[in-house]
Amino acid sequence: MLILVFYSIPESIILITLSSSLYGYDVKVNVKRILLLSISLAITTELVRALPIKYGINILIQIPIFVLMTAYYLKVTVKRSFIIILTGFVILNLAESAFIPIVQSITGKELGYLFENIWSRLITSWGLLLILLMPTVIIIKKKVSLTSAIQFFKTTSLDTKITLMVFIVLIQALLAGVLQLSYIYSESSTWPIVFKGVILQRVIGLALITIPIVSIFLLKRLFTLSHQEAITASQEAYIATVNDLFLAIKGQKHDFINHIQVITGLLQLGKNEEALRYGLQLGQESRETGEILNIKDPTIAALIKSKISTCIVKQIRFKTNIDADTSKLAVKPYDLVRILGNLLDNAIDAVSGQKEDLRRVYFNIRQEHDSIVFEVTNLSPVILPDVIPHIFNDGFTTKEQGHSGTGLAVVKQLVSQYKGRIEAFSNDEDGTTFTVTLPYKN
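Computed from a predicted structure; not experimentally measured.

### Observations regarding the overall build of the protein
Then, number 1: Assigned secondary structure in the protein consists of 13 helices and 5 strands.
Then, number 2: Expressed as a percentage of its 442 residues, the buried residues of the protein come to 37%.
Then, number 3: Summed over its atoms, the accessible surface of the protein is roughly 26400 Å², and 63% of this surface lies on carbon and sulfur atoms.

Okay, here's the thing in structure tokens:
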């Protein structure tokens, strides 16, 4: 009865409080539920231990009973109840594996002696409970949980996440080094008694088992969140360019009356040629916008609109010819934007400093058997034949200082990833053309 009242029930209270708090359960509001559950678990444990069965089988009997009782008292799902109970078992076993050897080393007593005498058992057990009580109090006070940890990991920057992972790896390396030293100096009298070889080795061994398991989940979360961040960034850019497209259409509609008035005014003044030139220019702009709207793939439409806006600012003539359905491509929209965006940006940059008649970029899309061919052409400058084989190398650039030379390397990598091909042609007559061929979905 003493063990039940002074150890089993307090142990259950601390473990249930600690493990349920880790999963975001509000312990402060549900103190009564925690107490009732802990008393029930402690009584069940003593009853099962009293059965004439081997150690180990009693745990297999306890777990399903504990899970059902936890689900009932705490009003949580069976799945969450199972996780709470399993976490409690793991915490207790890890704590006992680290704490008991230290007590044995300090007292010089065997495990059997420590648990044969009821008072030494209570003292030893309460030492363990006090150690477990400290993180329990901190977790409740600071409202720390796996949910908050995941939220922190979700909202922090990518650099912070990578720094955290590096820090975890360094901790593992440090612990491995200390473990190795403990083997080398295990017989040395200079070590404090609590850090004698076997104790230190066991504690560090447990840490080296636990930390990699935690690291696996953190790495998985890191990769998932990094991918989500990339998708979010591309979606935001996509939405922005789509908004630009519709604002341009809205603006054209709003300005239509003004354009008609200008043409009418020019005709009234007898300036027929100017009116014709103005009308042709207006028709060309309307045609280009109409072509964009007819593109079935909204990603391509948004990308083209954004590049047209850039070219207008830089006084570059941007012409498109779309003669294929790009929506059937076996390429993720985000990657397609990276491929075409890099090529178009390079072409726009290349002609920005050229004479007016050379400031032209052509973007053609056509179907070829079971593939789509994208062609990006700029009239000038020309790339020399001996340079073309190197333009897809990482770090190589023909631009002025300040450019990294990674754009075309990334494009080639992405194209190869989707089993496509990229080629470059350049001559004085036709300018420079990059041709990307990407397959349809199977």
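What follows picks up the thread again.
### Considerations on the pairing of strand E1 (residues 317-323)
Then, number 1: Here 7 bridges tie E1 to strand E2 (residues 360-368), and the two strands are oriented parallel to one another. Residue pairing across strands places Phe318 opposite Val361, the latter belonging to E2.
Then, number 2: What joins E1 to E2 is helix H12 (residues 333-352), and the crossover it makes is left-handed.

### Some words on the packing of aromatic side chains
Then, number 1: Under the definition given, this model contains 3 aromatic pairs.
Then, number 2: Relative to Phe89, the ring of Phe66 has its centre 6.3 Å away and its plane inclined at 20°; by these criteria the two rings are stacked. In this pair, Phe66 is assigned in helix H3 (residues 57-74) and Phe89 in helix H4 (residues 78-107), connecting sequence segments 23 residues apart.
Then, number 3: In this structure Phe66 comes out as buried when scored by relative accessible area, which is 6%.
Then, number 4: Arranged with centres 5.3 Å apart and planes meeting at 80°, the rings of Tyr72 and Tyr73 form a pair that is edge-to-face.
Then, number 5: A cation over a ring is seen here: Lys75 above Tyr72, with NZ or CZ 4.7 Å from the ring centre.
Then, number 6: Just above the ring of Phe392 sits the side chain of Lys412; from NZ or CZ to the centre is 5.5 Å.

### Section: the environment of Gly420
Then, number 1: Tracing the backbone through its elements, the reader meets Gly420 in the loop between helix H13 (407-417) and strand E4 (421-427).
Then, number 2: Considered as a pair, Gly420 and Val373 are 47 residues apart in the sequence and their alpha carbons are 9.8 Å apart.
Then, number 3: Discounting residues that sit within four places of it in the chain, Gly420 has contacts with Val415, Thr437, Leu438 and Pro439.

Definitions and limits used
- Residues numbered from 1 in each chain as written.
- Predicted model: local features only at pLDDT ≥ 70, side-chain atom pairs only at ≥ 80, totals over all residues.
- Heavy atoms only, no water.
- Helix = DSSP H or I, 4+ residues; strand = E, 2+ residues; numbered from the N terminus.
- Buried < 20%, exposed > 50% of the residue type's maximum accessible area, 1.4 Å probe, protein only.
- Areas by Shrake-Rupley, 256 points an atom, 1.4 Å probe, with all protein chains shown as cover.
- Pairing = 2+ DSSP bridges.
- Right-handed = clockwise from strand over helix to strand, strands pointing away.
- Phe/Tyr/Trp six-rings, centres within 6.5 Å; stacked < 30°, edge-to-face > 60°.
- Lys NZ or Arg CZ within 6 Å of the ring centre and 35° of its normal.
- Contact = heavy atoms within 4.5 Å.

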